[in-house]
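# Fold and geometry: a report
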Amino acid sequence: AQSVAQPEDQVNVAEGNPLTVKCTYSVSGNPYLFWYVQYPNRGLQFLLKYITGDNLVKGSYGFEAEFNKSQTSFHLKKPSALVSDSALYFCAVRGPNAGNNRKLIWGLGTSLAVNP
Amino acid sequence: GAVVSQHPSWVICKSGTSVKIECRSLDFQATTMFWYRQFPKQSLMLMATSNEGSKATYEQGVEKDKFLINHASLTLSTLTVTSAHPEDSSFYICSADYVGSLPGNTIYFGEGSWLTVV
């Protein structure tokens, strides 16, 4: 069965420090991996995705993520955190044989708090 | 990215009444739309997958007679919460997928709709 784990409910970092939000996955075959961000009372915004190719993916707002097949991980990173990055972050995976439903399997989310 | 619009953003209704939430893809045709429910500070719970022109596929535990989903066109899906009760109060979010989409394509989300049943 496909699954996604975000082991940390909350991550706290100081503004200007690097941040990492962790995500590991389980899927049969090659995965399609996504990161989304949700600000309070808003829908989800797409940040970045991994489909194939370069393991380091760059996305919106200075975020990047590294696909590690051996560790089945897709951690989200940013070199220098901003207070405005404080939000809820979701990792999601879709297997290669998603079928007509194309459902994404979601992690439980990680709340990022960037302290000034 | 593609634009998905949800309406209304906020709605308050009386217990026992029905309320409809619309999800529109503004600049693309969406074969498939997904409806999610989210409780405060919690993850997304997929309620159903809506395919244009056919019946929605509901996730286990979701009452299809209570949460009516219609996807009559390639740009509009609606979720109707029938005979709403206070426990139905939640944040409802839709997302849409392109016609002919591949597994690696991005799914875009609406801004969500807060439902409060009093």
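Computed from a predicted structure; not experimentally measured.

## Some words on the overall build of chain B
- Broken down by element type, chain B carries zero helices and 11 strands.
- In terms of C-alpha radius of gyration, chain B reaches 14 Å, essentially the compact-globule figure of 13 Å for 118 residues.
- If you line up chain B on its principal axes, its C-alpha atoms span 40 × 25 × 20 Å.
- Within chain B, the proportion of its 118 residues that are buried is 53%.
- For chain B, the proportion of contacts with a sequence separation of at least 24, taken over those separated by at least 6, is 55%.
- Here chain B has roughly 5,500 Å² of accessible surface; of this, 54% comes from carbon and sulfur atoms.
- If you average the places of the 8 positive and of the 10 negative side-chain charges in chain B, the two averages end up 7 Å apart.

## Section: the layout of surface pockets
- Approximately 510 Å³ is the volume attributed to the largest pocket.
- Looking at the largest pocket, it is lined by 20 residues, and the ones nearest its centre are A:Gln38, A:Leu88, B:Pro40, B:Lys41 and B:Gln42.
- If you trace the second largest pocket, you find 14 residues lining it, with A:Leu44, A:Gln45, A:Phe46, B:Ala2 and B:Tyr108 closest to the centre.
- Listed by contribution, the elements that provide at least two residues to the lining of the second largest pocket are β6 (44–50) of chain A together with β10 (108–109) of chain B.
- In terms of residue count, the dominant contributor to the lining of the second largest pocket is β6(A) (three residues).

## A short note on the pairing of strand β8 (residues 76–81) of chain B
Residue and element names in this part refer to chain B.
- Buried residues dominate β8, accounting for five of its six residues.
- In terms of strand pairing, strand β3 (residues 19–25) meets β8 through six bridges, oriented antiparallel. Opposite Glu22, over in β8, you have Thr78 as the bridge partner.
- As judged from the five bridges shared by strand β7 (residues 67–73) and β8, these two strands associate in the antiparallel manner.

## Some words on the interface of chain B and chain A
- Across the contact, 28 residues belong to chain B and 24 residues belong to chain A.
- For the pair chain B and chain A, the two sides together bury roughly 2,000 Å², of which 51% comes from carbon and sulfur.
- Linking chain B with chain A are one salt bridge.
- Note that B:Glu111 is salt-bridged to A:Arg42, the shortest N-O span being 2.5 Å.
- Going through the elements one at a time, β4 (30–38), β5 (44–51), β9 (90–98) and β10 of chain B are the ones with two or more residues in the side of chain B that touches chain A.
- Looking at the side of chain B that touches chain A, its residues break down into 13 nonpolar, 12 polar and three charged.

## Remarks on the nonpolar core
- Among the nonpolar cores identified, the biggest contains 28 residues, and A:Trp35, A:Leu47, A:Leu48, A:Phe74, A:Leu76 and A:Tyr89 are the most heavily contacted of them.
- Of all elements in the fold, only β2 (10–14), β3 (19–21), β5 (32–38), β6, β8 (64–68), β9 (73–78), β10 (87–94) and β12 (110–115) of chain A reach the threshold of two or more residues within this core.
- B:Cys13, B:Met33, B:Ala56 and B:Cys94 belong to the second largest nonpolar core, which has 26 residues in total.

## Details of the pattern of salt bridges
- Per the stated rule, a full pass over the model turns up five salt bridges over all chains.
- The salt bridge involving A:Asp85 is made with A:Lys78; its shortest N-O contact spans 2.8 Å.
- A residue is classified by how much of its surface remains accessible, and A:Lys78, at 8% relative accessible area, is buried.
- A salt bridge links B:Asp88 to B:Lys66, with the shortest nitrogen-to-oxygen separation between them at 2.8 Å. You can see B:Asp88 sitting in the loop between β8 and β9 and its partner B:Lys66 sitting in the loop between β6 (57–58) and β7, a full 22 residues away along the chain. B:Lys66 carries the same exposure label as B:Asp88, and that label is buried.

## Focus: the side chain of B:Thr80
- Assignment of secondary structure puts B:Thr80 in strand β8.
- Ignoring any residue separated from it by four or fewer positions in sequence, one finds B:Thr80 in contact with B:Ser18, B:Val19, B:Lys20, B:Lys66, B:Phe67 and B:Leu68.

## What about the environment of A:Gly43?
- Position of A:Gly43 relative to the elements: it lies in the loop between β5 and β6.
- Residue class for A:Gly43 comes out buried when judged on its relative accessible area of 1%.
- Once the C-alpha coordinates of A:Gly43 and A:Gly53 are considered, the two residues, 10 residues apart in sequence, prove to be 29 Å apart.
- The residues contacting A:Gly43, other than those within four sequence positions of it, are A:Val37, A:Gln38, B:Phe91, B:Gly110, B:Glu111 and B:Gly112.

Reading the values: the criteria
- Residues numbered from 1 in each chain as written.
- Chains lettered and ligands numbered in written order.
- Predicted model: local features only at pLDDT ≥ 70, side-chain atom pairs only at ≥ 80, totals over all residues.
- Heavy atoms only, no water.
- Helix = DSSP H or I, 4+ residues; strand = E, 2+ residues; numbered from the N terminus.
- Rg over C-alpha atoms; globule rule 2.2 N^0.38 Å.
- Buried < 20%, exposed > 50% of the residue type's maximum accessible area, 1.4 Å probe, protein only.
- Contact = heavy atoms within 4.5 Å.
- Areas by Shrake-Rupley, 256 points an atom, 1.4 Å probe, with all protein chains shown as cover.
- Lys, Arg positive; Asp, Glu negative; His and termini not counted.
- Charge placed at Lys NZ, Arg CZ, Asp CG, Glu CD.
- 1 Å grid on protein atoms, 1.4 Å probe; cavity = no way out; pocket = protein on both sides within 12 Å on 5 of 7 lines; lining within 4 Å.
- Points joined across faces, edges and corners; volume = space filled by probe spheres on them.
- Pairing = 2+ DSSP bridges.
- Buried area = accessible area lost by both parts, 1.4 Å probe.
- Salt bridge = Lys/Arg side-chain N within 4 Å of Asp/Glu carboxyl O.
- Nonpolar A, V, L, I, M, F, W, Y, C, P; charged D, E, K, R; others polar.
- Core = buried A, V, L, I, M, F, W, Y, C linked by side-chain atoms within 4.5 Å.

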